[in-house]
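Fold and geometry: a report
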Protein chains: 2
Amino acid sequence: MDPNLVTYIKGEQGRFNQLLIDYLNGLTMPPLLKKSTIYSIKAGGKRLRPILMKLTCEGLNGNVDKVYPAAIALEMVHTYSLIHDDLPAMDNDTYRRGMLTNHKKFDEATAILAGDGLLTNSFHSIANATCYSDKEKVFIVSKLAQASGLEGMVAGQSMDMQAEQGLTEVDELEHIHQLKTGKLLTFAVVVGAYLAGASNEIMDKIEQFGQTIGLVFQIQDDILDIIGDQEIMGKASGSDEGNQKSTYPSLLGFDGAMEHKNRYVQQAKQLLHEMKLEGTYLEQLVDYLSNRNQ
Amino acid sequence: MDPNLVTYIKGEQGRFNQLLIDYLNGLTMPPLLKKSTIYSIKAGGKRLRPILMKLTCEGLNGNVDKVYPAAIALEMVHTYSLIHDDLPAMDNDTYRRGMLTNHKKFDEATAILAGDGLLTNSFHSIANATCYSDKEKVFIVSKLAQASGLEGMVAGQSMDMQAEQGLTEVDELEHIHQLKTGKLLTFAVVVGAYLAGASNEIMDKIEQFGQTIGLVFQIQDDILDIIGDQEIMGKASGSDEGNQKSTYPSLLGFDGAMEHKNRYVQQAKQLLHEMKLEGTYLEQLVDYLSNRNQ
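So, here is what we can say about the structure in this document. On a predicted model such as this, the values are computed, not experimentally measured, just so you know. (Residues numbered from 1 in each chain as written. Chains lettered and ligands numbered in written order. Predicted model: local features only at pLDDT ≥ 70, side-chain atom pairs only at ≥ 80, totals over all residues. Heavy atoms only, no water.)

Some thoughts on unusual backbone geometry
Across residues other than glycine, the phi torsion is negative in most instances, and most of the peptide bonds are trans. With a phi angle near 55°, Lys276(A) is a residue other than glycine that sits in the positive phi range. The residue Lys276(A) is located in the loop between helix 13 (248-274) and helix 14 (281-291) in this model. A relative accessible area of 72% places Lys276(A) in the exposed class. Despite not being glycine, Arg47(B) has its phi angle at roughly 55°, a positive value. Structurally, Arg47(B) is set in the loop between helix 2 (31-42) and helix 3 (48-59). For Arg47(B), a relative accessible area of 1% corresponds to the buried category. (Helix = DSSP H or I, 4+ residues; strand = E, 2+ residues; numbered from the N terminus. Buried < 20%, exposed > 50% of the residue type's maximum accessible area, 1.4 Å probe, protein only.)

So, in structure tokens, the structure goes:
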């Protein structure tokens with residue numbers, strides 16, 4: 001990756017982290033709830049979604065300062081989804097990014113409430129951001145709720161829980177991933193473009209771009225589960241095979257999955273070309289998503 | 001209760017139920033998630049919060065048709081909170097209103113997701129209601145997220161889980177109830193008044209009124225746990241004592257709790273008088289909250 005992009009990402013990660021922690025520190029919460037929400041926010045992560053939102057807005061010559069409140073809200077929703085996905089009744093994970101999951105560090109009730117609260121306050125933070133018009137607030141709230149709710153991420157997680165071992169069709173697997181992972185990634189780029197005042201044509205293309213890179217992201221996730229370095233990822237590799245979980249490699253074979261991913265990478269780059277965004281950091285980020293090792 | 005009010009409430013309950021079911025049926029959801037969300041919505045409840053919102057708007061001569069989308073969203077948030085509160089990691093309840101709790105009827109993962117989804121879509125339904133201006137949408141989203149989030153209901157539930165047996169002060173107990181129950185009841189009357197175009201003076205008083213009836217509601221809840229008829233309530237009575245849970249009667253004695261409640265009833269009626277709302281159904285509803293047997 002271009003060393004300038006690496007520097008850019010590190011800088012943005014630091015900025016997003018600080019904004020998230022400042023937001024939570026500014027709330028009047030019971031001590032345990034505050035500790036628990038800040039713990040999961042500090043557990044880090046790549047801040048991929050906020051960075052995608054900012055790069056999209058920037059690439060389309062928007063005012064990037066307007067990205068921050070929406071990006072913070074998005075990251076709160078993403079964090080809530082990880083806390084709830086890790087629960088014993090869901091994926092029952094002990095570690096995430098090398099740290100104890102929220103319910104292991106605290107307790108299940110606290111983890112459920114931390115997730116509920118982060119989700120709820122994401123909407124509060126958008127509704128109270130001073131840099132948006134009411135029209136912009138309504139657009140962002142509506143899109144975020146649509147992406148993450150009963151027809152979006154929650155639907156994807158429910159289907160994933162139901163169908164873990166029974167999938168035989170790539171289309172079915174892809175549909176689940178589009179809901180579970182793709183919707184929030186798409187929200188990131190759609191809102192980035194919206195805040196840059198993009199045309200309807202660009203809005204359509206950026207939505208397709210979001211869906212496409214969501215699939216690149218997910219296929220690489222499945223591939224990393226096979227070839228990934230446990231220490232770098234901070235979680236056990238090989239868990240999908242152990243769970244007999246349907247994945248791209250299990251349905252298409254390893255080489256088939258790689259080919260499938262590369263086709264989506266090409267599609268994503270074609271879309272960037274059509275939006276005159278080739279050669280931007282966004283294009284490098286597509287390669288990063290495809291080749292990342294964590 | 002005035003038989004006209006009884007008829008009014010029954011009619012509104014039917015209308016709210018239908019609107020909620022229509023909303024959920026209109027969404028594209030995986031079958032299990034749809035069954036599970038509709039199950040908990042159909043499990044009924046008194047629709048107290050929506051009715052409070054409508055009576056407030058009506059008493060202040062507002063356009064009551066505007067109440068429905070906000071009231072439906074509120075009831076979705078209330079329903080999510082019950083599903084999550086019933087979970088094994090929280091109150092671990094098997095029955096609610098005489099029916100199996102969501103996680104007993106389905107499974108824990110589904111109950112967590114149904115709750116997450118109802119919460120998320122409450123914001124989506126407000127942002128997409130055709131009868132509100134963007135300004136009204138932002139007001140309602142902001143107030144709903146504030147009432148139910150990390151500084152509201154979620155905070156109250158977290159404190160309740162932490163302090164179940166250890167409370168010795170009525171003030172402490174009251175603070176928890178104000179967050180856990182009072183905030184959403186207050187949201188109901190505040191939004192009802194807002195949609196009626198109430199003055200700032202009325203907005204202040206209606207907020208106090210909401211907090212006051214929230215406490216009336218909660219004290220009666222504690223009293224019902226001692227004297228309530230299990231069949232009417234659809235859940236076990238005496239559970240607070242069994243759990244050694246701090247309640248108004250345990251801290252103030254039975255007569256002390258009754259006196260405490262009656263003082264709040266008088267305060268609530270005084271506030272209604274100051275808002276020129278005495279003699280309305282809202283006044284009768286205060287008596288109902290104080291004397292209800294379920």
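And the narrative resumes.
Re the state of the cysteines
All names here are of chain B. A full pass over the atoms with the stated rule returns zero disulfides over all chains. Looking at Cys-57, it has no disulfide partner, and the nearest cysteine sulfur is the one in Cys-131, 10 Å off. For Cys-57, a relative accessible area of 0% translates into the label buried. (Disulfide = S-S within 2.5 Å.)

Re helix 3 of chain B
Given 3.6 residues to a turn, an α-helix orients residues that are three or four positions apart in the same direction. All names here are of chain B. End to end, helix 3 covers 16 Å across 12 residues, agreeing with the expected 16 Å (1.5 Å per residue, within 8%). With 10 of 12 residues buried, helix 3 is to be regarded as a mostly interior element. Regarding helix 3, the residues found buried are Leu-48, Arg-49, Pro-50, Ile-51, Leu-52, Met-53, Lys-54, Leu-55, Thr-56 and Cys-57. As for helix 3, its buried residues are in contact with helix 1 (3-25), helix 4 (67-85), helix 9 (170-195), helix 10 (200-227) and helix 14 (281-291). (Expected span 1.5 Å × (residues − 1). Contact = heavy atoms within 4.5 Å.)

Section: the pattern of salt bridges
Enumeration over the complete set of coordinates arrives at 16 salt bridges over all chains. Between Asp221(A) and Arg292(A) there is a salt bridge, with its nearest N and O atoms 3.1 Å apart. Of the two residues, Asp221(A) sits in helix 10 (residues 200-227) while Arg292(A) sits in the segment after helix 14, which places them 71 residues apart along the sequence. The partner of Lys54(B) in a salt bridge is Glu12(B), with the nearest N and O atoms 2.6 Å apart. A residue pair is termed long-range when its members are at least 10 positions apart, and Lys54(B) in helix 3 and Glu12(B) in helix 1 qualify at 42 residues. The buried category is assigned to Lys54(B), whose relative accessible area is 5%. The exposure class assigned to Glu12(B) is buried, which follows from its relative accessible area of 7%. (Salt bridge = Lys/Arg side-chain N within 4 Å of Asp/Glu carboxyl O.)

Thoughts on the relation of the copies chain A and chain B
Each of the two chain copies can be brought onto the other by rotation about an axis and movement along it. Between the two copies, chain A and chain B, the superposition gives an RMSD of 0.0 Å; the rotation angle is 180° and the shift along the axis is 0.0 Å. Both chain copies can therefore be described as sitting about a two-fold axis. Of every C-alpha in chain A, the one belonging to Asp134(A) sits nearest the axis of rotation, 2.8 Å from it. Interface residue correspondence from chain A to chain B reaches 100%, placing this contact among same-surface, isologous pairings. (Least-squares fit on C-alpha atoms with pLDDT ≥ 70 in both.)

Some points on the nonpolar core
Phe209(A) and Phe209(B) are the most contacted members of the largest nonpolar core, which has 193 residues in total. Other than its neighbours up to four places away in sequence, Phe209(B) contacts Val189(B), Ala268(B), Leu271(B), Leu272(B), Met275(B), Leu282(B) and Val286(B). (Core = buried A, V, L, I, M, F, W, Y, C linked by side-chain atoms within 4.5 Å.)

Considering the side chain of Arg49(A)
Residues and elements named next belong to chain A. With respect to the helices and strands, Arg-49 occurs in helix 3 (residues 48-59). There is no salt bridge for the buried Arg-49, and the closest opposite charge comes from Glu-75, which lies 5.2 Å off by N-O distance. Reaching out from Arg-49, the side chain makes a polar contact with the side chain of His-78 at a distance of 3.3 Å. With near-sequence residues (within four places) excluded, Arg-49 lies in contact with Leu-74, Glu-75, His-78, Thr-181, Leu-184, Leu-185, Ala-188 and Phe-217. (Lys, Arg positive; Asp, Glu negative; His and termini not counted. Polar contact = N/O pair within 3.5 Å; in protein donor to acceptor, adjacent residues only side chain to side chain.)

Details of the interface of chain A and chain B
Facing 47 residues of chain A, the contacting portion of chain B comprises 47 residues. Of the roughly 3900 Å² buried between chain A and chain B, counting both surfaces, carbon and sulfur atoms make up 73%. Summed over the shared surface of chain A and chain B, the result is zero salt bridges. At the boundary of chain A with chain B, the tally comes to 10 residue pairs in polar contact (both at pLDDT 80 or more). Within the residue set of the side of chain A that touches chain B, elements represented by two or more residues are helix 2 (31-42), helix 4 (67-85), helix 6 (108-127), helix 7 (134-148) and helix 8 (153-163) of chain A. (Buried area = accessible area lost by both parts, 1.4 Å probe.)

What about a nonpolar patch on the surface?
On the surface, a cluster of nonpolar side chains totalling about 280 Å² of accessible area is made up of Ile226(A), Ile227(A) and Phe254(A). A relative accessible area of 55% places Ile227(A) in the exposed class. (Patch = residues over 30% accessible without salt bridge, like charges linked within 9 Å, V, L, I, M, F, W, Y side chains within 5 Å. Areas by Shrake-Rupley, 256 points an atom, 1.4 Å probe, with all protein chains shown as cover.)

Structural notes on the packing of helix 3 of chain A against helix 14 of chain A
Residue and element names in this part refer to chain A. As a packed pair, helix 3 and helix 14 sit with axes 9 Å apart at the nearest point and diverge in direction by 155°. The angle between the axes of helix 3 and helix 14 places the two elements in the roughly antiparallel class. In this structure, helix 3 crosses over helix 14, and the sense of that crossing is left-handed. Between helix 3 and helix 14, the residues in contact are Leu-48, Ile-51, Leu-52, Leu-55 and Thr-56 and Tyr-281, Leu-282, Leu-285 and Leu-289, respectively. Grouping the amino acids of the contact of helix 3 with helix 14 by side-chain chemistry returns eight nonpolar, one polar and no charged. (Axes fitted to C-alpha atoms, helices over the stretch in contact; angles between N-to-C directions. Parallel < 35°, antiparallel > 145°, perpendicular 65-115°, else oblique. Left-handed = near helix turned anticlockwise from the far one by under 90°. Nonpolar A, V, L, I, M, F, W, Y, C, P; charged D, E, K, R; others polar.)

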